[in-house]
Protein chains: 2
Amino acid sequence: MLWTMIGAFAATLTMFSFIPQIARSLRTKSVKDVSPVTLFQLSAGVFLWLVYGISRQDQIIIVANAVTLVTLAVLIFLYFKYGGLKK
Amino acid sequence: MLWTMIGAFAATLTMFSFIPQIARSLRTKSVKDVSPVTLFQLSAGVFLWLVYGISRQDQIIIVANAVTLVTLAVLIFLYFKYGGLKK
């Protein structure tokens, strides 16, 4: 029970970890120090985790990675919007 | 077998996803667009995933999160080294 709670807390923290980065990018409108390779590599990995979770029918893996993938998609959108690749 | 390979590939991609961010920060010596809240929240989450993996004796969870935690520690070190909080 304790371990399940630790796992759930871990999932919650990591799942929403890019929300502060989204907030910062929206506020500063600057993304030049953010690595696009990290964003794309992480998105590809998280997408495969999602596929893996669906194959295993593991709801925690599915939800955690689906949420992370959405936040990463927003971040990639902002990256291009604020001209990340031009600088 | 296919799903295990997808899981392993997913773990490899996400585990090393902050290496390009480390390389970029080292190259530009600038971190002002990186969110420190994201770095700390993700580190706390990944640390708890590691604890969870140890409790479940799940080697994949242990290795993936241990590696990610080391890369995040390096990134937090660089963040302070390049004066992230001062800007």
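Up top is the structure.
How each quantity is defined
- Residues numbered from 1 in each chain as written.
- Chains lettered and ligands numbered in written order.
- Predicted model: local features only at pLDDT ≥ 70, side-chain atom pairs only at ≥ 80, totals over all residues.
- Heavy atoms only, no water.
- Contact = heavy atoms within 4.5 Å.
- Buried area = accessible area lost by both parts, 1.4 Å probe.
- Polar contact = N/O pair within 3.5 Å; in protein donor to acceptor, adjacent residues only side chain to side chain.
- Helix = DSSP H or I, 4+ residues; strand = E, 2+ residues; numbered from the N terminus.
- Nonpolar A, V, L, I, M, F, W, Y, C, P; charged D, E, K, R; others polar.
- 1 Å grid on protein atoms, 1.4 Å probe; cavity = no way out; pocket = protein on both sides within 12 Å on 5 of 7 lines; lining within 4 Å.
- Points joined across faces, edges and corners; volume = space filled by probe spheres on them.
- Least-squares fit on C-alpha atoms with pLDDT ≥ 70 in both.
- Salt bridge = Lys/Arg side-chain N within 4 Å of Asp/Glu carboxyl O.
- Buried < 20%, exposed > 50% of the residue type's maximum accessible area, 1.4 Å probe, protein only.

1. Section: the interface of chain A and chain B
Alright, step 1. Facing the 36 residues of chain A at the interface are 36 residues of chain B.
Alright, step 2. Summing the contributions of chain A and of chain B, the shared interface buries around 3,200 Å²; its carbon and sulfur component is 65%.
Alright, step 3. For chain A, the biggest contributors to the area lost against chain B are Arg24(A), Asp33(A) and Gln41(A); these three give 20% of the whole.
Alright, step 4. At the surface where chain A touches chain B, the tally comes to 21 residue pairs in polar contact (both at pLDDT 80 or more).
Alright, step 5. Residue assignment for the side of chain A that touches chain B shows that the elements contributing at least two residues are α1 (2-15), α2 (19-28) and α3 (36-56) of chain A.
Alright, step 6. Top element by residues in the side of chain A that touches chain B is α3(A). It accounts for 13 residues.
Alright, step 7. Looking at the side of chain A that touches chain B residue by residue, the class counts come to 21 nonpolar, 12 polar and three charged.

2. With respect to the environment of Leu26(A)
Residues and elements named next belong to chain A.
Alright, step 1. As for its placement among the helices and strands, Leu26 is situated in helix α2.
Alright, step 2. For the pair Leu26 and Val51, spaced 25 residues apart in sequence, the C-alpha to C-alpha distance is 30 Å.
Alright, step 3. Leaving out residues up to four positions away in the same chain, Leu26 has contacts with Leu78 and Tyr82.

3. Re the side chain of Ser17(A)
Alright, step 1. Tracing the backbone shows Ser17(A) in the loop between α1 and α2.
Alright, step 2. Setting aside residues no more than four positions away along its own chain, Ser17(A) makes contact with Thr38(B), Gln41(B) and Leu42(B).

4. As for empty space enclosed by the protein
Alright, step 1. Applying the stated criterion across every chain yields a total of one cavity of 30 Å³ or more.
Alright, step 2. Approximately 120 Å³ is the volume attributed to the largest cavity.
Alright, step 3. Lining the largest cavity are 13 residues, with Phe18(A), Gln21(A), Val34(A), Phe18(B) and Gln21(B) sitting closest to its centre.
Alright, step 4. Of all the elements in the fold, those that place two or more residues in the lining of the largest cavity are α3 of chain A together with α3 (36-56) of chain B.
Alright, step 5. In terms of residue class, the lining of the largest cavity is built from eight nonpolar, five polar and no charged.

5. Observations regarding the relation of the copies chain A and chain B
Alright, step 1. With an RMSD of 0.0 Å, the operation that places chain A on chain B is a rotation of 180° combined with a shift of 0.0 Å along the axis. As the rotation angle and translation indicate, the two copies are arranged about a two-fold axis. Across chain A, the smallest distance between a C-alpha and the rotation axis is recorded for Asp33(A), namely 2.6 Å.
Alright, step 2. Both copies present the same face, since 100% of the interface residues in chain A are matched by interface residues at the equivalent positions in chain B.

6. A closer look at the pattern of salt bridges
Residues and elements named next belong to chain A.
Alright, step 1. Going through the model one piece at a time under the given rule, you end up with two salt bridges over all chains.
Alright, step 2. Among the salt bridges present, the one from Lys32 reaches Asp33, with a minimum N-O distance of 3.2 Å.
Alright, step 3. Take Lys32: its relative accessible area is 31%, and that puts it in the partly exposed class.

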